[in-house]
Amino acid sequence: MNDDNFLSINRLVEFGLGIGIAQQMVKSMNHMMDNTQMPKVQGVGIINTRQYYVAIDGKSAGPFSETELSRLIAEGSIKKDTLLWRLGMPKWDMPENIPDVLRLIALAPPPIPTKESEA
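What you see is a predicted model, and the numbers here were worked out from it, not measured in a lab.

J.: Before we move on, could you go through the pairing of strand β1 (residues 52–56) and cite the residues and values that matter?
T.: Two elements, β1 and strand β2 (residues 59–64), share four bridges in a ladder whose sense is antiparallel. Within β2, the residue paired with Ile56 across the bridge is Lys59. The antiparallel pairing of β1 with β2 creates a hairpin that spans two residues between the two strands, and Asp57 there sits at a positive phi of about 55°. Bridge count between β1 and strand β3 (residues 84–86): three bridges; the pairing is antiparallel.

J.: A description of helix α3 (residues 99–107) should follow, citing residues and the corresponding values.
T.: If you check which residues of α3 are buried, you get Asp100, Val101 and Leu104. All buried residues of α3 project into a common sector of 95° when viewed along the axis, lining one side. Among the exposed residues of α3, those oriented more than 90 degrees off its buried face are Pro99 and Ala106. For α3, the elements touching its buried residues are β1, α2 (66–75) and β3.

J.: Tell me about the packing of α2 against α3, and please be specific about residues and values.
T.: Between α2 and α3, whose axes approach to 9 Å, the crossing angle comes to 55°. Comparing the axis directions of α2 and α3 gives the class oblique. Both α2 and α3 take part in a crossing whose hand is right-handed. Each of Glu66, Leu69, Ser70 and Ile73 in α2 lies in contact with α3, whose residues at this interface are Asp100, Val101, Arg103, Leu104 and Ile105. A breakdown of the residues in the contact of α2 with α3 according to their chemical character gives five nonpolar, one polar and three charged.

Scoring rules and cut-offs
- Residues numbered from 1 in each chain as written.
- Predicted model: local features only at pLDDT ≥ 70, side-chain atom pairs only at ≥ 80, totals over all residues.
- Heavy atoms only, no water.
- Pairing = 2+ DSSP bridges.
- Helix = DSSP H or I, 4+ residues; strand = E, 2+ residues; numbered from the N terminus.
- Buried < 20%, exposed > 50% of the residue type's maximum accessible area, 1.4 Å probe, protein only.
- Arc of directions from axis to C-beta.
- Contact = heavy atoms within 4.5 Å.
- Axes fitted to C-alpha atoms, helices over the stretch in contact; angles between N-to-C directions.
- Parallel < 35°, antiparallel > 145°, perpendicular 65-115°, else oblique.
- Left-handed = near helix turned anticlockwise from the far one by under 90°.
- Nonpolar A, V, L, I, M, F, W, Y, C, P; charged D, E, K, R; others polar.

Here it is in structure tokens:
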């Protein structure tokens, strides 16, 4: 039998072993990538969580995540004239000028009616 022929048994075994090793390498790399922990760096785009600062009583409070900001909006702590800032913004601004915050306001439930508002 000629060893130069691709269909020879030696070449087929080598090819099969190469495929098997490659599959094991891919499986090992995928497992490693699935278990890799990315560092959380605040204010950097590694993790898609925006941190906001809120001006309350003339003082900066925060940073607040979008979830915490939603809670402050629902509680009424953030009003239309409240100033906010996050990394990447050139200056403090009102919620109506920040699309992400405006979206959170639109998703917030309306205030619970009181007996005076029902009358």
